[in-house]
Amino acid sequence: MSILYVSPHPDAFPSLRALIAARYGEAGEGPGWGGAHPRVSLQPPPASRTPFPPPRLPALEQGPGGLWVWGATAVSQLLWPAGLGGPGGSRAAVLVQQWVSYADTELIPAACGATLPALGLRSSAQDPQAALAALGRALSPLEEWLRLHTYLAGEAPTLADLAAVTALLLPFRYVLDPAARRIWGNVTRWFITCVQQPEFRAVLGEVVLYSGARSLSQQPGSEVPAPPKTAAQLKKEAKKREKLEKFQQKQKVQQQQPPPGEVRDVSGTMPDSYSPQYVEAAWYPWWEQQGFFRPEYGRSSVSAPNPRGIFMMCIPPPNVTGSLHLGHALTNSIQDSLTRWHRMRGETTLWNPGCDHAGIATQVVVEKKLWREQGLSRHQLGREAFLQEVWKWKEEKGDRIYHQLKKLGSSLDWNRACFTMDPKLSAAVTEAFVRLHEEGVIYRSTRLVNWSCTLNSAISDIEVDKKELTGRTLLSVPGYKEKVEFGVLVSFAYKVQGSDSDDEVVVATTRIETMLGDVAVAVHPKDPRYQHLKGKSVIHPFVSRSLPIVFDDFVDMEFGTGAVKITPAHDQNDYEVGQRHGLEAVSIMDARGALVNVPPPFLVRQACPGLRPGRTTPWWCHFGRGWAPQASSPTCTCSRSKDVVEPLLRPQWYVRCGEMAQAASAAVTRGDLRILPEAHQRTWHAWMDNIRDWCISRQLWWGHRIPAYFITVNDPAVPPGEDPDGRYWVSGRTEAEAREKAAKEFGVSPDKISLQQDEDVLDTWFSSGLFPFSILGWPNQSEDLSVFYPGTLLETGHDILFFWVARMVMLGLKLTGKLPFKEVYLHAIVRDAHGRKMSKSLGNVIDPLDVIHGVSLQGLHDQLLNSNLDPSEVEKAKEGQKADFPTGIPECGTDALRFGLCAYTSQGRDINLDVNRILGYRHFCNKLWNATKFALRGLGKGFVPSPTSEPGGHESLVDRWIRSRLTEAVRLSNQGFQAYDFPAVTTAQYSFWLYELCDVYLECLKPVLNGVDLVAAECARQTLYTCLDVGLRLLSPFMPFVTEELFQRLPRRTPQAPPSLCVTAYPEPSEVWAAPASLPPSPPLSPCAPCVLTTTSPGSGPTHDCLVSVSSPATGALASAVSGYVQTLASAGIVAVLALGASAPQGCAVALASDRCSVHLQLQGLVDPARELGKLQAKRDEAQRQAQRLRERRAASGYTVKVPLKVQEADEAKLQQTEAELRKVDEAIALFQKML
């Protein structure tokens, strides 16, 4: 009998690892050597049993005198071979081995280094904090990986999880306190999940996590004295200790996170720098717990009158199988910014979350899991048991997408979250189907559908990938070992029937495999080559069928030979030709893609594409006429199964869309429904005008089972029905209702009716089309339905305008008599920085969480191993990642990602996302942080803001100027939100904070705050507070986390102020200040400051006297008034205004501030005149080009008639300004030439 020798110590994690592996082996296939399960011994191996003792425990003796194996890794693999994740070399097995190796080489040393000194089992010469830092570095890859994975490799524990969990037993028991576990939240969640598995619990019992009651210095055990250290060592350690203390102080501040749901205490020290991880850790649970996202917040009920109005929007329900991608991030960034803006405006606001059951995607995932874990198909398990498995999977995985949406800061009302398979929504689906069926809108018909032979189901157009092949192409097709040939044009001959000669018609096709279903040959009515064949037929070589030659306009005379085969049962165009000419539709494929209704030699074959003829077969030698690559050949594949889509004739349920589409089109024409951008309206009308009836049947088990029943009447007077006959189908909310309706239809008693419910389920888009009102309780009346329907806005990507938006509009109008929303805003599609579509095989797919948290290049590579890519594609994707992200993706944070995505929406139909630009907005967040920190120091601890933001009357010119710029930013922000012009909003806010507040006002403020004029200082402080208060409120919809953090650190104007920024009023222009028209839109003479800075050479000293030349007394007065600001901003010496018409001293460098003002700096010997002349000449050339363009524009024919008067006036003003600048440049050139 085999014996497993383990250590009796309760913390001997290598032995615990072997014992747990043995438990898994007992529950599974048994140990790897095929024998009985080993006996466990807590004693060391007897010396008589082995010639040499095992170097370490655990050890395994395979039978008396048999092979000895020791070490936790080797022993565990032998005891639990199924834990390897699959056969050697498979992707899962490689992933398991990688994580086992990581646990052995990284986690175990780091865990022991951090824990054993605390237990008194190792010298504490190493700094405990440094050891904890090393443990943190080892945990980082785990934390990153487990953000999107329940286990390390696959959907169940493997040897990878076993190795890592046992390696971390000591830290979780003795070191990682609750605060640390919050930092490593994903690792903690995974660790607890694993140790609660029955096999773990059987060995470990209840794992008690460290409570933090003892400090490291209080851990039991004696310390081994360290050897004496040299003076150099002591000096080096002192420096390291000093640096570590600073780092620990910073970390202490960063890690001070409140318990979930509690507000953070911001009364302490503000961290030195912005950290997204710190800022974004605590606010969302508090927002959610306080109910800020609920429409009921601050009012008695949602139906209470609100003069501000109501805003309602439902989320495009993401798939329950899904995980966050950049499309979700863009959608939710836009939707959340709109929702927060409306909420802050005081409107009764509801953003309703929900999740889609994703019929095909979910069923495929669970079927694969079932086969992998139990070796069973869904048919072997049975429908009810399989559905239980799906629900179980949904409960385990279904909330993942919600957690990710919360990471993005989405302010959804989670109390109203809905799932399309919930009882409430399922009842709405049944009601909608029955009503539409009773009205004849839904009907049964046998038509061509997109069919996936792998899924054994019809699929929707959105699940069909259309590929345009150029020439001969080999594609992988499920069910075929070798790749299959496509993109080949095959020509073969049909003999003309009744012809005495060898008269024949040569047809060309890329689908030769369907020729057994041919029922005709078609040619163009005007093709002169075939006029003599009118009224004739050809003979099919394999079936006793005469194929008529039909003349139809759809034939392209230039394609192939100008004659095409007609297979109505397997091609949409052929089906329509068959309908026009009354041709029979002969189906030659079953649901699995196998051939049927064909001669015996072909019955054993699969049609797609297994009927391709060999070049030497007798048939080809006799009838073949040519073979050539097709320049362009469309091929359709299933996006889910990658199978070739086959058009098959199947009886299905259809929605009659003609009248509903007309109503939806008319709503846009009348203006009742606005579609933005308006360019999409033309596409909307074109699609509605050419709409086809919608197939809503899916041959699946997961989904809403169709509430329709096939009727069998147990009465000889009533003939039996057939499936396509709609009279023999009845719908009902219950089977009893359906039975009563069937009995009434056939005039018999209900007891003579037998019903069989349709096995199929409804297309997922059918339930999604009801989403705007089904989530509110329809068809039952409710408060939510009366208040929030119709909704205000539907925001989504333009790629699902027809698959979802159009169907919501059609079904909403049909079933409720109302549009489901008043406006539709369609955003762009995200592509990579090079404009390429996001594709896993290209390696350019970006997980938003990777942008938020950052990820190394190796981390990106590791994600590919857990994808469905072929090994060859993995290498290609790695090269793409290396090219685009050579050092990985830096941590940007949620706020920067949201702001960046919204700023990108100006690019039109597609967004070429560059992560470096997102990083720039992360730096913008840091700028906000530093500006606020400086401002809080300037305000002082005793600062009390005035009750209102109105100016006190003693404000300086720069105070009044910054207030005017703030007013303009508020105006542009509100205007942009109303017009869905998000780039205009982000630009206005970014420019105000960066270029006007930080670059100008804060610099001008420094001497004022440090000066002796107390009135001026107080006015400046009040103005500064107003800028911070209003500026943070402006940014809040885009950057909710950092603005909340900074806003909470500001004092409040009144004690009644709202508790959170997200429920504080959004600024209105009148709130800040009605700016006088006399104030300029740019900083007062601010062009002078950059002129001084750019004209000065880098090494010419810190200050330079500045002389300002002006063109009018008014400009001179303004220049004198702001000379102090110019001196501050430019770090200049004396700033003086020259008398009108006076010349500057010889040897001055000249820079142009505007057409009315120039700056002269005495820089003789300090600048390179030749270099300055080059810059001025370039500026002169550009000004000349601009002036010439304006002159040509104004001289164009019809300019004075066609161009609006205001534009003409603006052009004239631009020309005058440009000509004035040219004169100034010429003067400056003349001055520098004198310096040569």
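Residues numbered from 1 in each chain as written. Predicted model: local features only at pLDDT ≥ 70, side-chain atom pairs only at ≥ 80, totals over all residues. Heavy atoms only, no water.

Caption draft 1: Main features of the overall build of the protein. On a plain count of helices and strands, the protein comes out with 43 helices and 37 strands. Per-residue burial for the protein yields a buried fraction of 52% across its 1236 residues. In the protein, of all internal contacts separated by at least 6 residues, the share reaching a separation of at least 24 is 76%. As displayed, the protein offers around 54,800 Å² of accessible surface, 53% of which is attributable to carbon and sulfur atoms. (Helix = DSSP H or I, 4+ residues; strand = E, 2+ residues; numbered from the N terminus. Buried < 20%, exposed > 50% of the residue type's maximum accessible area, 1.4 Å probe, protein only. Contact = heavy atoms within 4.5 Å. Areas by Shrake-Rupley, 256 points an atom, 1.4 Å probe, with all protein chains shown as cover.)

Caption draft 2: The arrangement of empty space enclosed by the protein in detail. The tally for this structure, following the rule as stated, stands at one cavity of 30 Å³ or more. Surrounding the largest cavity, M312, M313, C314, P772, Y789, G791, T792, L793, P820 and F821 form its lining. Elements with a minimum of two residues in the lining of the largest cavity: β5 (310–314) and β30 (791–797). (1 Å grid on protein atoms, 1.4 Å probe; cavity = no way out; pocket = protein on both sides within 12 Å on 5 of 7 lines; lining within 4 Å. Points joined across faces, edges and corners; volume = space filled by probe spheres on them.)

Caption draft 3: Here's a closer look at the packing of aromatic side chains. For the coordinates displayed, the defined rule picks out 44 aromatic pairs. Residues W391 and F419 carry aromatic rings whose centres are separated by 5.8 Å and whose planes lie at 80° to one another, so their mutual orientation is edge-to-face. Taken as a pair, W391 in helix α16 (residues 383–397) and F419 in strand β8 (residues 418–419) lie far apart in primary sequence, 28 residues in all. One aromatic cluster in this structure is built from W341, Y825, F899, Y921, F924, F977, Y980, F982, Y990, Y995, F1038 and Y1066. Its end group placed over the ring of W287, R340 keeps NZ or CZ at 4.8 Å from the ring centre. The ring of W414 carries the charged tip of K406 above its face, separated from the ring centre by 5.1 Å. (Phe/Tyr/Trp six-rings, centres within 6.5 Å; stacked < 30°, edge-to-face > 60°. Lys NZ or Arg CZ within 6 Å of the ring centre and 35° of its normal.)

Caption draft 4: View of the nonpolar core. Grouped together as the largest cluster of nonpolar side chains are 119 residues, with contacts concentrated most on W287, L897, F982, W993 and M1039. Here this core takes 13 residues from helix α34 (residues 982–1009), the largest share from any one element. With near-sequence residues (within four places) excluded, W287 lies in contact with F292, F293, R340, P1040, F1041, E1044, S1060 and C1062. Judged by nonpolar contacts, the second largest core, of 74 residues, contains M688, W694, A708 and F766. (Core = buried A, V, L, I, M, F, W, Y, C linked by side-chain atoms within 4.5 Å.)

Caption draft 5: Seen up close, the pattern of salt bridges. If you walk through the whole model with that rule in mind, you get 56 salt bridges. A salt bridge links R444 to D723; the nearest nitrogen and oxygen atoms lie 2.9 Å apart. Here D723 lies in the loop between β26 (708–713) and β27 (729–731) and R444 lies in strand β9 (residues 442–452), a separation of 279 residues in the sequence. Judged by relative accessible area, which is 28%, D723 ranks as partly exposed. Ionic pairing is found between E737 and R733, a salt bridge with its closest N-O pair at 2.6 Å. (Salt bridge = Lys/Arg side-chain N within 4 Å of Asp/Glu carboxyl O.)

Caption draft 6: Examining the side chain of R650 more closely. Counting through the fold element by element, R650 comes out in strand β22 (residues 646–655). Of the side chains with opposite charge, D590 lies nearest to the buried R650, which makes no salt bridge, at 6.0 Å. In contact with R650, other than residues within four places in its own chain, are S445, T446, R447, V449, W451, M589, D590 and A591. (Lys, Arg positive; Asp, Glu negative; His and termini not counted.)

Caption draft 7: Focus on the sheet that holds β27. Reading across the sheet, the three strands line up as β27-β26-β28 and stay open at both edges, with antiparallel pairing between neighbours. Each end of this open sheet is capped by a strand with a single partner; those strands are β27 and β28 (753–757). For this sheet, the mean inter-axis angle between neighbouring strands, taken without regard to orientation, is 40°. When β26 meets β28, the two strands line up antiparallel, connected through five bridges. Paired with V713 across the two strands is I753, which belongs to β28. The strands that helix α18 (residues 423–438) touches are β26 and β27; relative to β27, the one it contacts most, it runs at about 130°. Lying over the sheet, helix α23 (residues 735–746) contacts β26, β27 and β28, oriented at roughly 130° with respect to β28. (Pairing = 2+ DSSP bridges. Axes fitted to C-alpha atoms, helices over the stretch in contact; angles between N-to-C directions.)

Caption draft 8: Quick look at the packing of helix α33 (residues 957–978) against helix α35 (residues 1014–1035). The N-to-C vectors of α33 and α35 enclose an angle of 15°; their axes lie 10 Å apart at closest approach. As the angle between them shows, α33 and α35 are arranged roughly parallel. α35 is crossed by α33, and the crossing has left-handed handedness. Residues D959, I962, R963, L966, A969, V970 and S973 of α33 pack against C1019, A1020, Q1022, T1023, T1026, C1027, V1030, G1031 and L1034 of α35. The residue inventory of the contact of α33 with α35, partitioned by class, reads nine nonpolar, five polar and two charged. (Parallel < 35°, antiparallel > 145°, perpendicular 65-115°, else oblique. Left-handed = near helix turned anticlockwise from the far one by under 90°. Nonpolar A, V, L, I, M, F, W, Y, C, P; charged D, E, K, R; others polar.)

Caption draft 9: Representation of the sheet that holds strand β34 (residues 1106–1110) in the model. If you trace the four strands from one edge of the open sheet to the other, you get β35-β34-β37-β36, paired in mixed fashion. Each having just a single partner strand, β35 (1135–1137) and β36 (1148–1154) make up the two edges of the open sheet. On average, adjacent strands in this sheet sit at an angle of 25° to one another, irrespective of strand direction. Both β36 and strand β37 (residues 1157–1162) contribute to a ladder of six bridges, which runs antiparallel. Its bridge partner lying in β37, L1152 is registered against S1158. Of the strands in this sheet, β34 and β35 touch helix α39 (residues 1113–1121), which is tilted by about 155° from β34.

Caption draft 10: Representation of the environment of T987. Secondary-structure assignment places T987 in helix α34. Under the relative-accessibility criterion, T987 is labelled partly exposed at 46%. Counting along the chain gives 18 residues from T987 to A969, while the straight-line C-alpha distance between them is 9.1 Å. At 2.7 Å, the side chain of T987 forms a polar contact with the backbone oxygen of P983. (Polar contact = N/O pair within 3.5 Å; in protein donor to acceptor, adjacent residues only side chain to side chain.)

Caption draft 11: Summary view of the pairing of β37. A large share of β37 lies buried, amounting to five of its six residues. Bridging between β34 and β37 involves five bridges; their strand directions are antiparallel. The residue bridging V1108 from the neighbouring strand is V1159, located in β37.

Caption draft 12: Representation of the side chain of K369. Among the secondary structure elements, K369 is positioned in helix α14 (residues 359–374). Owing to a relative accessible area of 14%, K369 belongs among the buried residues under this scheme. Beyond its immediate stretch of four places on either side in the chain, K369 contacts E155, Q374 and W393.

Caption draft 13: The arrangement of the packing of helix α31 (residues 894–903) against helix α36 (residues 1040–1047) in detail. The contact between α31 and α36 brings their axes to 7 Å, and the two run at 125°. Considering the angle they form, α31 stands oblique to α36. The segment α31 lies against α36, with T894, D895 and R898 engaging P1040, F1041 and V1042. Looking at the contact of α31 with α36 residue by residue, the class counts come to three nonpolar, one polar and two charged.

Caption draft 14: The arrangement of unusual backbone geometry in detail. Along the chain, W778 connects to P779 via a cis peptide bond; the corresponding omega equals 10°. Considering the arrangement of structural elements, one finds P779 in the loop between α25 (771–774) and α26 (783–788). Here the residue pair Y789 and P790 is connected by a cis peptide bond, since its omega of 0° sits within 30 degrees of zero. Relative to the assigned elements, P790 resides in the loop between α26 and β30. Even without being a glycine, A358 presents a positive backbone phi close to 50°. With respect to the element layout, A358 can be found in the loop between β7 (354–355) and α14. Notably, N597 is not glycine yet its phi reads approximately 55°, a positive angle. For N597, the position within the fold is in the loop between α19 (572–581) and α20 (618–623).

Caption draft 15: Representation of the pairing of β5. Extensive coverage of β5 is indicated by the burial of four of its five residues. Inspection of the sheet shows β5 paired to strand β6 (residues 348–352) by five bridges, in the parallel sense. The residue bridging C314 from the neighbouring strand is N352, located in β6.

Caption draft 16: Structural context of the environment of V644. Here V644 is to be found in the loop between β21 (633–638) and β22. Distance from V644 to P478, taken between C-alpha atoms, is 8.5 Å for residues 166 residues apart in sequence.

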